[in-house]
Amino acid sequence: MSLALTLGDPASIGPEILLKALAHLPSDLLGQFFIAGTQQVLQETYTRLCQQGQVAIDPAQLQIWEHPLEERIVPGQPSVASGAASFAYLKTAIQRAIAGEVAGIVTAPISKASWQAAGYHFPGQTEVLAHFTGTPKVGMVFLGRSPVTNWVLTTLLATTHIPLQEVPKALTPERLNEKLALLVQFLRERRHLERPRIAIAGLNPHSGEQGHLGQEEVTWLIPWLDAAQQQYPQVKLIGPVPPDTLWIGAADAWWGRPSAAPAYDAYLALYHDQGLIPVKMLAFREAVNTTIGLPFIRTSPDHGTAFDIAGTGMADPRSFLAAIAWAQTLSKGSVFPLTPA
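Report follows, based on the coordinates. (Residues numbered from 1 in each chain as written. Predicted model: local features only at pLDDT ≥ 70, side-chain atom pairs only at ≥ 80, totals over all residues. Heavy atoms only, no water.)

An α-helical turn contains 3.6 residues, so a residue and the one three or four places further along point in the same direction. Those residues of helix α5 (residues 125–133) that fall on the buried side of the exposure criterion are Q125, T126, V128, L129, A130 and T133. Considering only its buried residues, α5 is in contact with α3 (80–98), β4 (104–106), α4 (112–117), β5 (139–145), β10 (288–292) and β11 (297–301). (Buried < 20%, exposed > 50% of the residue type's maximum accessible area, 1.4 Å probe, protein only. Helix = DSSP H or I, 4+ residues; strand = E, 2+ residues; numbered from the N terminus. Contact = heavy atoms within 4.5 Å.)

So this is what it looks like as structure tokens:
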């Protein structure tokens, strides 16, 4: 299965993690990848990495969908030009995926501020993917496979990039119906789990403690959960689980420790940090962002642009490599190693 890999913001660590990640894959598999990027940026990154004693793939071995730049990009210095380039890379990859030339896309990180400066007013790459594919309902799932036990942490975010004060207003039974339907479909079709166990987080401390610490659980979340269980009789829905104890079983399963707390096939977190703090605590180097609901596979590393270390050779490619591996696995292609050799 062929994949498109985007360079992300060319002033970020994107070019570095891409070249480092591909260097750890068998050379006979390189023909399965198409790079949406700029040859000059990749070549300069490769030269710099070689000088720093780093292992990286020579861009001359790669198939590149070229996007020329009007001005030189400096590592660690995001700009209007770098924002425009990263948007162009993503748009090219989407168009090629829609045309069926690749089975999926692996995206390196972009800078939302640089997009805004370049005139692209999208909250993030997920929204661009939804826009250009005409997909009204998408979900953001984070996958991480434990290098200790092989257990997979699967976390869906009910809300994503919105201010915390807007979360209670954005959370509705209709939104949770949409996200749960996407998650169940993903678990069945991509993870082959016919009877998954899904834990739903509470919104308030102690899940509201019967209304004493917040009303959302009592007024609509618990009734919604009861109705959803009736709708999905083959799925075990657990919750709302107090957010401060929800992740204990997941941590024990990740590290292979005995635990009195259960680990679940998937977790439905109600807002960004509620889900991503535990994900990044456990699986920062292994976790992958997966957009579900699209007509093709899309994964990305779970970290950002890291402009502060761009060009230094310090970027860790493991999350990007995991994103490639998960894209291949979810598209039923070859399964690559999840950590560099």
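Burial analysis of β10 places five of its five residues in the buried class, the great majority of the element. Burial along β10 is two-sided: the residues V288, T290 and I292 and N289 and T291 are all buried. Where β5 lies against β10, five bridges are found, and the strand directions are antiparallel. Looking at the pairing, G139 lines up with I292 of β10. In terms of strand pairing, β10 meets β11 through three bridges, oriented antiparallel. Residue T290 lies in a different strand from β11, and its bridge partner there is T299. Hairpin connection of β10 to β11: four residues between the antiparallel strands, including G293 at a positive phi of 105°. (Pairing = 2+ DSSP bridges.)

Here we take up the layout of surface pockets. Each pocket or cavity is described by its volume, and for the largest pocket that value is around 390 Å³. What lines the largest pocket is a set of 22 residues, and nearest its centre among them are K112, H161, N289, P301 and H303. In the lining of the largest pocket, the residues fall into seven nonpolar, 10 polar and five charged. Empty space within the second largest pocket amounts to approximately 240 Å³. Residue lining of the second largest pocket: 16 residues in total, with E127, T159, T160, R175 and K179 positioned closest to the centre. Sorting the residues of the lining of the second largest pocket by element identifies α5, β5 and α7 (173–189) as the ones contributing at least two each. Element by element, the count of residues in the lining of the second largest pocket is highest for α7, at three residues. Considering only residue class, the lining of the second largest pocket consists of seven nonpolar, five polar and four charged. (1 Å grid on protein atoms, 1.4 Å probe; cavity = no way out; pocket = protein on both sides within 12 Å on 5 of 7 lines; lining within 4 Å. Points joined across faces, edges and corners; volume = space filled by probe spheres on them. Nonpolar A, V, L, I, M, F, W, Y, C, P; charged D, E, K, R; others polar.)

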